[in-house]
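Letter by letter, the chains look like this.
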Amino acid sequence: MAAASALALGLAACGSESGSGSNNAQGGGGDNYVLANGSEPQNPLIPGNTNETGGGRIVENIFSGLVYYDGEGNAHNELAESIDLEGDKTYRVTLKDDIKWSDGSPVTAEDFVKAWNYTVENALLSAYFFEPILGYEEGKAEMEGLEVVDDKTFTIELNQPEADFVSRLGYSAYYPMHPSAYDDIDAYGENPISNGPYKLAEWNHNQDATIVPNEEYTGDRAAQNDGVNFVFYAQQDAAYADLLAGNLDVLDAVPDSAFSTFQDELGERAVNQPAAVFQSFTIPEDLEHFSGEEGELRRAALSRAINREEITDTIFQGTRTPATDFTSPVIPGHSDSLDGSEVLTYDPEEAKRLWAEADAISPFAGQFTISYNADGGHQAWVDAVANSIRNTLGIDAVGNAYPDFKSLRDDVTNRTISGAFRTGWQADYPSLGNFLGPLYGTGAGSNDGDYSNPEFDKLLDEAANSADIEAATPIYNQAQEILLADLPAVPLWYSNVTGGSSENVDNVTFSWKSQPVYHEITKQ
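Everything numeric in this text was worked out from a predicted model, so none of it was measured. One numbering rule holds for all chains: residues counted from 1, following each sequence as written. Per-residue local features of the predicted model are confined to residues with pLDDT of at least 70, and side-chain atom pairs are confined, for both listing and counting, to 80 or more; whole-chain, interface and lining totals are unaffected and use all residues. Water and hydrogen atoms were dropped before computing side-chain values, which therefore reflect all heavy atoms in the structure.

### Overview of the overall build of the protein chain
Thought 1: Secondary structure elements follow DSSP: runs of H or I no shorter than four residues count as helices, runs of E no shorter than two count as strands, and numbering proceeds from the N terminus. In terms of regular secondary structure, the protein chain is built from 14 helices and 19 strands.
Thought 2: We take the radius of gyration over the C-alpha atoms and set the globule estimate at 2.2 Å times the residue count to the 0.38 power. Against the 2.2 N^0.38 benchmark of 24 Å for 524 residues, the protein chain shows a C-alpha radius of gyration of 22 Å, consistent with a compact globule.
Thought 3: Summarising its shape, the C-alpha atoms of the protein chain cover approximately 65 × 55 × 40 Å along the three principal directions.
Thought 4: Three exposure classes are used, based on accessible area relative to the maximum for each residue type with a 1.4 Å probe and protein chains only: buried under 20%, partly exposed in between, and exposed over 50%. Each of the 524 residues in the protein chain was classed as buried or not, and the buried ones make up 60%.
Thought 5: For accessible areas, the Shrake-Rupley method is used with a probe of radius 1.4 Å. Any residue's cover is judged against the shown protein chains and nothing else. Accessible surface for the protein chain amounts to roughly 18600 Å². Of this, 43% is attributable to carbon and sulfur atoms.
Thought 6: None of His or the chain ends enter the tally, which takes Lys and Arg as positive and Asp and Glu as negative. Lysine's charge is taken at NZ, arginine's at CZ, aspartate's at CG and glutamate's at CD. Averaging the positions of the 27 positive and the 85 negative side-chain charges in the protein chain gives two centres separated by 1 Å.

### Quick look at the pairing of strand 1 (residues 34-38)
Thought 1: Burial analysis of strand 1 places 5 of its 5 residues in the buried class, which makes it a mostly covered element.
Thought 2: Summarising the sheet, strand 1 and strand 10 (residues 228-232) pair through 5 bridges and their orientation is parallel. Bridged to V34 within strand 10 is V228. Only when DSSP finds a minimum of two bridges between them are two strands counted as paired.

### Comments concerning the confidence of the model for the protein chain
Thought 1: Overall, the prediction assigns the protein chain a mean pLDDT of 91, with 94% of residues at 70 or greater.
Thought 2: Below a pLDDT of 50 lies the segment residues 1-29, which in the model reaches 156 contacts outside its immediate sequence neighbourhood of four places, other chains included. pLDDT expresses how confident the predictor is about each individual residue, on a scale running from 0 to 100. Contacts were defined at the residue level, with two residues in contact if any of their heavy atoms lie within 4.5 Å.

### Comments concerning the packing of aromatic side chains
Thought 1: Think of it this way: a Phe, Tyr or Trp ring, Trp meaning its six-membered ring, pairs with another when their centres are within 6.5 Å, and the plane angle makes it stacked under 30 degrees, edge-to-face over 60, tilted otherwise. One pass over the full model with this rule turns up 25 aromatic pairs.
Thought 2: With 5.1 Å between their ring centres and 85° between their planes, F230 and Y518 make a pair best called edge-to-face. With a gap of 288 residues between them, F230 in strand 10 and Y518 in the loop between strand 18 (505-506) and strand 19 (522-523) connect regions that are remote in the sequence. Both residues of the pair, F230 and Y518, belong to the buried class.
Thought 3: When the ring of F326 is compared with that of Y440, the centres are 5.6 Å apart and the planes differ by 80°; the resulting orientation is edge-to-face. Placement of F326 in the loop between strand 13 (320-322) and helix 9 (348-361) and of Y440 in helix 12 (residues 432-440) is noted, with a sequence separation of 114 residues between them.
Thought 4: Linked through ring pairs, Y91, F112, W116, Y128, F129, F130, F154, F165, Y171 and Y174 together constitute an aromatic cluster.
Thought 5: For a lysine, the NZ atom is tested; for an arginine, the CZ atom; a charge sits over a ring if that atom is within 6 Å of the ring centre and within 35 degrees of the ring normal. Here the guanidinium or amino end of R298 rests over the ring plane of W355, the centre of that ring lying 4.4 Å away.

### What to know about a negative patch on the surface
Thought 1: A cluster of acidic residues, E131, E138, E455, D461 and E462, forms a negative patch on the protein surface.
Thought 2: Here E455 lies in helix 13 (residues 454-464).
Thought 3: On the accessibility criterion, E455 (39% relative accessible area) is partly exposed. Within the patch definition used here, like charges are joined within 9 Å and nonpolar side chains (Val, Leu, Ile, Met, Phe, Trp, Tyr) within 5 Å, considering only residues with over 30% relative accessible area and no salt bridge. Just to be clear on terms, a salt bridge is a Lys or Arg side-chain nitrogen sitting within 4 Å of an Asp or Glu carboxyl oxygen.

### Topic: the packing of helix 12 against helix 14 (residues 469-486)
Thought 1: Relative orientation of the contacting elements helix 12 and helix 14 amounts to 40°, with a least axis distance of 10 Å. Classed by the angle they form, the pair helix 12 and helix 14 counts as oblique. The hand of the helix 12/helix 14 crossing is left-handed. Residues L432, G433, L436 and Y440 of helix 12 lie in contact with helix 14, whose contacting residues are T473, Y476, N477, Q480 and L483.
Thought 2: Three categories are distinguished: nonpolar for Ala, Val, Leu, Ile, Met, Phe, Trp, Tyr, Cys and Pro, charged for Asp, Glu, Lys and Arg, and polar for the others, with Gly belonging to the last. Looking at the contact of helix 12 with helix 14, its residues break down into 5 nonpolar, 4 polar and no charged. Throughout, an axis means a line fitted to C-alpha atoms (over the contacting stretch in the case of helices), and angles, computed between N-to-C directions, take values from 0 to 180 degrees. An angle below 35 degrees is read as roughly parallel, one above 145 as roughly antiparallel, one from 65 to 115 as roughly perpendicular, and any other as oblique. Helix crossings are classified by the rotation of the near helix relative to the far one: an anticlockwise turn of less than a right angle makes the crossing left-handed, while a clockwise turn makes it right-handed.

### Some words on the environment of A397
Thought 1: In this fold, A397 is placed in strand 15 (residues 396-402).
Thought 2: In this structure A397 comes out as buried when scored by relative accessible area, which is 1%.
Thought 3: If near-sequence neighbours (up to four positions away) are discounted, A397 is found in contact with F368, A386, I389 and R390.

### Some remarks on helix 9
Residue pairs spaced three or four apart in an α-helix point in one direction, given the helix's 3.6 residues per turn.
Thought 1: Helix span, as expected, comes to 1.5 Å for every residue beyond the first. For helix 9, built from 14 residues, the straight-helix expectation of 20 Å at 1.5 Å per residue is met to within 8% by its first-to-last C-alpha distance of 20 Å.
Thought 2: Looking at helix 9, one finds that the buried residues are A351, L354, W355 and A358. Looking straight down helix 9, one finds its buried side chains confined to an arc of 100°; they lie on one side. Away from its buried face, by an angle of more than 90 degrees, helix 9 presents the exposed residues E349 and A360.
Thought 3: Looking at the buried residues of helix 9, the elements they touch are helix 7 (292-304) and helix 10 (379-393). Throughout, the arc means that of the directions going from the helix axis to the C-beta atoms.

### As for unusual backbone geometry
Thought 1: The residue A123 is not glycine, and still its phi comes out positive at about 50°.
Thought 2: Counting through the fold element by element, A123 comes out in the loop between helix 2 (109-121) and strand 6 (146-150).
Thought 3: By relative accessible area, which is 40% here, A123 ends up partly exposed.
Thought 4: In the Ramachandran plot, R415 falls in the positive-phi region, its phi being about 60° despite a non-glycine side chain.
Thought 5: Its place among the elements puts R415 in the loop between helix 11 (405-413) and strand 16 (420-426).

### With respect to helix 14
Thought 1: Here helix 14 is 18 residues long and its end C-alpha atoms lie 25 Å apart, about the 26 Å a rise of 1.5 Å per residue gives.
Thought 2: Turning to helix 14, its buried residues number three or more, namely A472, T473, I475, Y476, N477, A479, Q480, I482, L483 and L484.
Thought 3: Contacts from the buried residues of helix 14 go to helix 12 and helix 13.
Thought 4: Downstream of helix 14 by one or two residues, L487 has phi in the positive range, about 50°.

Given below as structure tokens:
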């Protein structure tokens with residue numbers, strides 16, 4: 001959830017064996033749930049330890065933060081009455097009066113501060129997002145930049161001014177947790193007391209999860225339905241078939257097998273619109289033959305060997321756009337003319353020359369694999385990319401399928417994966433920096449390839465220290481030019497959100513980050 005987003009908001013895939021969810025959860029207003037696709041969360045539902053969209057789409061609906069993002073990506077106060085800048089790097093946060101947890105107890109300033117400190121102390125996946133706060137250090141029990149003033153007030157002191165800090169606060173890493181969470185964090189993650197528009201009613205692992213309206217929620221995202229049942233599909237084709245049959249209400253990932261037909265089949269209920277989603281594959285920094293001068297040559301050769309135009313035309317049929325950078329065209333400040341972006345252009349002769357130059361340093365032998373999760377509809381493009389590399393470079397390039405997203409992410413997180421692996425980012429908040437820092441900053445939570453470049457890190461700091469987003473943009477793009485030279489990940493394309501809805505639901509819109517705005521959906 002950069003993915004954000006990103007999601008990284010690495011990107012989740014869809015995944016269950018049928019479209020019939022468990023509709024016996026308690027707490028709905030009639031149990032007439034909106035049926036939506038989802039995937040098994042990688043971890044228990046702890047905001048600071050959720051960085052993929054399977055868990056993210058649940059966490060973002062059962063929890064609320066200081067701010068929230070509307071469908072266009074604009075930030076609005078949610079639990080915060082005000083967030084005032086005092087000086088140049090200290091914020092005073094005042095909470096609204098009548099905000100409660102789903103058990104009826106009040107949400108307090110301590111609930112935010114303790115959750116943020118817990119994320120850092122325990123080095124959870126989203127700990128990196130707190131790096132700007134004074135005193136940040138993974139494993140440290142308390143950051144001195146956080147101070148509780150009273151039940152409704154706390155302050156946040158940063159190490160330096162941050163141009164987009166307030167806009168970040170809608171991301172799930174910054175959500176609070178109920179005081180009971182710390183008694184047994186794993187048990188809490190299985191059935192959290194929440195403070196968002198919904199609460200978790202039931203989670204049947206590897207099958208589905210149901211969220212129902214939280215009667216204690218008083219914010220702007222009030223649920224307009226009885227709840228949402230997220231069904232975990234094993235294959236996207238099964239989800240799409242259920243959508244056509246009326247057994248699924250909302251789908252945000254059309255399988256590639258239906259790209260040529262879904263808009264005709266769904267008519268006005270089809271969606272094909274740009275979203276803040278970037279897709280790539282990552283080559284670990286410690287992979288043999290892919291470090292130092294040899295690695296730089298091989299990474300560039302692989303990128304030059306991929307015919308992105310042909311793949312997006314034939315496999316994705318107009319639902320993807322070849323990448324020109326590491327962010328997304330829907331993000332303010334995006335550029336399609338960065339220095340070094342020619343490395344993303346198909347050039348088989350240059351690819352062969354670069355590979356031969358690398359072989360002169362150390363001959364390559366064996367397979368080049370790209371791992372992916374089989375439940376996400378990725379096989380066709382992975383095979384196409386591997387074929388393009390194999391046909392251009394004459395090496396044994398193949399896809400390596402994992403059965404599901406969680407299995408893939410577990411090996412990536414534990415650094416037990418061998419070879420390259422598919423990656424992507426669904427933005428957490430609308431900023432170029434959100435696509436760069438979390439994925440490629442040294443030690444960042446979603447830096448799955450363990451990339452580190454001091455000059456890149458320095459530019460990230462400079463951009464964050466800018467007066468505003470406009471001033472930060474050229475610095476972020478300068479940082480991207482370093483990435484284009486190093487290629488810690490090989491950019492492939494940007495995704496449109498391709499999805500649709502059934503005739504059983506109305507008021508279905510898809511947000512800037514490609515997911516349905518679940519709380520607005522109404523069911524007949």
